[in-house]
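# Survey of secondary and tertiary structure
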Amino acid sequence: MRMTRIDWILLPVLVGVLAGIVVGAFLLAGFIGLGVLGLIIGVMAQRIELEKDGAVGHTMTTSLYAEQFKAQENMSRAEKAERRAESQALLKWLFVAKVVSAGLVILGFGLFFQFQLV
């Protein structure tokens, strides 16, 4: 997960926006807001990871999953390698999102139980 030049340029902007969201959640709902924000990020990251190989179908579209497997079987080796590389790159960033989520959940709910329930 090497960072390119544009990643380093945009990193302070991203950190500032995330800090603003965390402060906003804290001001809006206190420590419980941080915990809920962590849960939201975690659920989103988990959902993206579950659907990385294709959309999970609804009961009304039972053939969707089979069609996705047929399309993957018909891919060339280069297309399969490209898909695998994209999936690995996505999983690296999802790991970062899960760590941030776990940190916010532990920090938010832990400090909520420590300070606001007493």
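Calculation criteria
Residues numbered from 1 in each chain as written. Predicted model: local features only at pLDDT ≥ 70, side-chain atom pairs only at ≥ 80, totals over all residues. Heavy atoms only, no water. Helix = DSSP H or I, 4+ residues; strand = E, 2+ residues; numbered from the N terminus. Rg over C-alpha atoms; globule rule 2.2 N^0.38 Å. Buried < 20%, exposed > 50% of the residue type's maximum accessible area, 1.4 Å probe, protein only. Contact = heavy atoms within 4.5 Å. Core = buried A, V, L, I, M, F, W, Y, C linked by side-chain atoms within 4.5 Å. Patch = residues over 30% accessible without salt bridge, like charges linked within 9 Å, V, L, I, M, F, W, Y side chains within 5 Å. Areas by Shrake-Rupley, 256 points an atom, 1.4 Å probe, with all protein chains shown as cover. Salt bridge = Lys/Arg side-chain N within 4 Å of Asp/Glu carboxyl O. Axes fitted to C-alpha atoms, helices over the stretch in contact; angles between N-to-C directions. Parallel < 35°, antiparallel > 145°, perpendicular 65-115°, else oblique. Left-handed = near helix turned anticlockwise from the far one by under 90°. Nonpolar A, V, L, I, M, F, W, Y, C, P; charged D, E, K, R; others polar. Expected span 1.5 Å × (residues − 1).

Once that is clear, we can look at the overall build of the chain. Within the chain one finds four helices and zero strands. Counting from the amino terminus, helix and strand elements in the chain follow one another as α-α-α-α. Against the 2.2 N^0.38 benchmark of 13 Å for 118 residues, the chain shows a C-alpha radius of gyration of 19 Å, more extended than a compact globule. Along the three orthogonal principal directions, the C-alpha set of the chain runs to about 60 × 45 × 20 Å. Out of the 118 residues belonging to the chain, those deemed buried represent 15%. A fraction of 72% describes how many contacts in the chain between residues 6 or more apart in sequence connect residues 24 or more apart.

Time to look at the nonpolar core. Counting residues in each nonpolar core, the largest one holds six residues, listed as A25, F31, L34, L37, L104 and F112. When contributions to this core are tallied by element, the ones reaching two or more residues are α2 (31-50) and α4 (77-116). Per-element accounting of this core gives the leading share, three residues, to α2. Setting aside chain neighbours within four positions, we find A25 in contact with G30, G33, L34 and L37.

Let's shift gears to a nonpolar patch on the surface. A cluster of nonpolar side chains, I6, I9, L10, V13, L14, V17, L18 and I21, forms an exposed patch at the surface whose accessible area comes to about 730 Å². As for its placement among the helices and strands, I6 is situated in helix α1 (residues 5-29). The exposure class of I6 is partly exposed, given its relative accessible area of 49%.

Attention now goes to the packing of α2 against α4. It is the contact of α2 with α4, at a shortest axis distance of 7 Å, that shows an interaxial angle of 155°. Of the possible angle classes, the one that applies to α2 and α4 is roughly antiparallel. Seen from above, α2 lies across α4 with left-handed handedness. Among the residues forming the contact of α2 with α4, the class breakdown is 20 nonpolar, seven polar and two charged.

Looking now at α4. Counting along an α-helix, one turn takes 3.6 residues, and residues three or four places apart therefore face a common direction. With 40 residues, α4 should cover 58 Å at 1.5 Å per step; its first-to-last C-alpha distance of 56 Å lies within 8% of that length. Among all positions of α4, only S87, L94, S101, L104, G108, F109 and F112 are buried. Along its buried surface, α4 packs onto α1 and α2.

Helix length check: α2, at 20 residues, gives a terminal C-alpha distance of 29 Å against a target of 28 Å (1.5 Å per residue), a fit within 8%. The inward-facing, buried residues of α2 abut α1 and α4.

Let's shift gears to the pattern of salt bridges. By the definition in use, this model includes one salt bridge. Here K98 makes a salt bridge to E49, at a shortest N to O gap of 2.1 Å. Linking K98 in helix α4 with E49 in helix α2, this pair joins segments that are 49 residues apart in sequence. Overall, E49 belongs to the partly exposed group, its relative accessible area being 23%.

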